[in-house]
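# Reading the structure
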Amino acid sequence: MYLYVASLTLTFLCRFLCVLPPVSLPALLFTSSLHPRASPWIRLCGPIRRHAANEAGIPQREWVKTHGPVIRVVGPVGFERVIFTSQEALSKILFNSIDYPRPGFMRNLLGTIAGFGIFTHEGREHRQMRRAMNPAFGLQQLIAQVGMFYDSIESLIDILGSKIDAEVKPEHGKVFLMFEWVGKVTLDILCSTAFGYSTDSLRNPHNELAEAYEELFTLQSGQNLAIGIVIHALPGVTRLLASEWMYKRRWILRQIPFLRFTETMMDCMHHIKAVSAKLLAEKLSDTSSKVSDIDSKKDIMSILLRNDGYVMSDQAMMDQVLTFLSAGHETTASGVAWTLWLLASNPEAQTKLRQEVKPVFEHFDGRPDYKALKDMPWLDAVIMESLRIFPPVPMTLRCANKTDYIDGTLIPKGTLLYIPIRVVNTLTTIWGEDAEQFNPMRWMDAGMVGKGRMLTFLEGPHGCIAKTMSVMEMKAIIGALIAKFEFTPGVEGQVAIPVSAASMRPKDCMPLRVRRV
């Protein structure tokens, strides 16, 4: 009976999580006034299914076009959030993490699937953690790490080439699900650069870590995200789902239809944590090695362990391992996949890029260093334009810790603030009339005002600490692939659609036809 009542309650809450159509803030309209002739159920719930099925950021972009830079979004039974798009308002929110922290349910959800690492901390603890981690992502370290990208990239090139050559008509190429392949290469690169650990998921499809993440990421959907937010907002649920007691009894979740995905999630996280514990144990054992041996290690965890200013507990280190693993490869894989799609859809831009990267990669025997990657302007323009249009994380949330005025609007304490990353990245007032179009040439204009307004990596204390590393990794992967292959859409009339969830991974795993050049 308890499970039945709990399931009904959660069903009710989850059905109501999706927001209703927005209204301009001065209007102060309630949900019922938006549907005066609708049934009471529609007036209460709104067009839930239509908004839940949309791409992340697309409804919000239309709302901003219609209602302006400040929007009050009214949800079920009075649930509200406010959207700001002006630079002044977003800077005030993002640079003041004390007054506008991430909401608790968001930190709980992130902690469950990505560890309670740097993403989930605020205030003094976050500042100390970030200060300790900064050297691992500094320029000197990045220059040393670029060379570590290429073993995995060359494996991917070899695999794609051999599969194409095995076709009956290799000149026609072969269709690959590119998101799956770039997901493997970014996981291998991450494990190498972050932990000095070889997963080789490209050649070992049954690697435990790769399989767990592949299954975990397939759970992403708007519905699962909504349910996850609701259940992690309930007191004690986050700790319960992370407990060994609940893991042994996860079959209970199978009995509640809309919670079945949490059983799979718990199983995946159990395997990921087992591998993470092994990685951490190996790194901690290195502390007994000679100093010269430790100093020779360039991976991120070795650098963190050498930090004497801020010592993390074993649990804190474990959470950082989970954070690196979960956040460090899927976002980059999404960025690479969408870049390949945009190039496949824009053959002129792809040809121009090949003309730039091919001689550079040949000169460096396929392994250009940091400076060589940085000095290719069209490669940089293509990567930045792709990240602008398809940010791997299209939105985030903050919560007002006090009653305050933002952009002249009174924001009561406790109000949720929706940070519309994808919307700001495509505002015509910043980027011009072609803001929603792929146009790398805009990045070749030194006077372009929008360069400082791209929110893909956020800004302020919680700005992405690994921004430069991620961009350089994308440059190395894209440059190497374009130098060797031509990419076109996998099927005629193909339309690539992101999943309706917290990330922008392609829904169909991005089928593209790949040919040798």
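Here the structure is a predicted model, which means the values were calculated and not measured.

Conventions used here
- In this numbering scheme, every chain counts its residues from 1 along its sequence in written order.
- Only residues with pLDDT of at least 70 get local features here, since the model is predicted, and only at 80 or more are side-chain atom pairs given and counted; chain-wide, interface and lining totals rely on the full set of residues.
- Where side-chain values are given, they derive from all heavy atoms of the structure, hydrogens and water being excluded.
- Fitted lines through C-alpha atoms serve as axes, helices being fitted only where they are in contact, and the angles separating the N-to-C directions of these axes extend from 0 to 180 degrees.
- Here a helix means four or more residues in a row that DSSP labels H or I, a strand means two or more in a row labelled E, and each is numbered from the N terminus.
- Each angle receives one of four descriptions, namely roughly parallel if under 35 degrees, roughly antiparallel if over 145, roughly perpendicular if within 65 to 115, and oblique otherwise.
- The criterion used for residue contact is that any of the two residues' heavy atoms lie within 4.5 Å.
- Ten residue types, Ala, Val, Leu, Ile, Met, Phe, Trp, Tyr, Cys and Pro, are classed as nonpolar, four, Asp, Glu, Lys and Arg, as charged, and the remainder, Gly among them, as polar.
- The definition of a nonpolar core used throughout is a set of buried Ala, Val, Leu, Ile, Met, Phe, Trp, Tyr and Cys residues joined through side-chain atoms within 4.5 Å.
- A 1.4 Å probe rolled over the protein chains alone gives each residue an accessible area, and that area as a share of the maximum for its type sets the label: buried under 20%, exposed over 50%, partly exposed in between.
- Strands pair, by our definition, only if DSSP identifies at least two bridges between them.

## Thoughts on the packing of helix 20 (residues 314–345) against helix 23 (residues 377–389)
Between helix 20 and helix 23, the least distance of the axes is 9 Å, while the angle of their chain directions is 105°. In terms of axis orientation, helix 20 runs roughly perpendicular to helix 23. Every residue of helix 23 that contacts helix 20 at Gly 335, Trp 338, Thr 339, Leu 342 and Leu 343 is listed here: Val 382, Ile 383, Ser 386 and Leu 387. A per-class count over the contact of helix 20 with helix 23 returns 6 nonpolar, 3 polar and no charged.

## So, the nonpolar core
Core analysis: the largest hydrophobic core is formed by 154 residues, its most contacted members being Ile 153, Leu 325, Leu 340 and Phe 487. Looking at this core, the element that brings in the most residues is helix 20, giving 16 residues. Apart from residues lying up to four places away in sequence, Leu 325 is in contact with Leu 190, Cys 191, Phe 195, Leu 209, Tyr 213, Ile 272, Ser 276 and Leu 279.

## Brief notes about the environment of Asp 434
Considering the arrangement of structural elements, one finds Asp 434 in the loop between helix 25 (428–431) and helix 26 (467–484). By relative accessible area, Asp 434 is classed as partly exposed at 29%. If sequence neighbours within four positions are ignored, Asp 434 has contacts with Arg 388, Asn 439 and Arg 442.

## Things to note about the sheet that holds strand 4 (residues 174–177)
Strand order in the open sheet formed by 3 strands is 4-10-9, and the pairing between neighbours is antiparallel. The open sheet has two edge strands with one neighbour each: strand 4 and strand 9 (485–489). Strand-to-strand twist in this sheet, taken as the mean axis angle between neighbours without regard to direction, amounts to 40°. Pairing geometry for strand 4 and strand 10 (residues 511–516), over 4 bridges, is antiparallel. Residue pairing for strand 10: Phe 176 is matched across the bridge by Leu 512. The sheet strands contacting helix 11 (residues 178–195) are strand 4, strand 9 and strand 10, and the helix crosses strand 4 at an angle near 60°. The strands that helix 26 touches are strand 9 and strand 10; relative to strand 9, the one it contacts most, it runs at about 95°.

## A look at helix 8 (residues 123–133)
Every buried residue of helix 8 is accounted for by Gly 123, His 126, Met 129, Arg 130, Ala 132 and Met 133. Considering only its buried residues, helix 8 is in contact with helix 19 (300–305) and helix 20.

## Here's the deal with unusual backbone geometry
Although it is not a glycine, Asp 200 adopts a positive phi angle of roughly 50°. Counting through the fold element by element, Asp 200 comes out in the loop between helix 11 and helix 12 (208–217). The backbone of Cys 509 shows a phi angle near 65°, a positive value even though the residue is not glycine. Tracing the backbone through its elements, the reader meets Cys 509 in the loop between strand 9 and strand 10. Judged by relative accessible area, which is 15%, Cys 509 ranks as buried.

Scope: geometric values only; no functional claims are made or implied.
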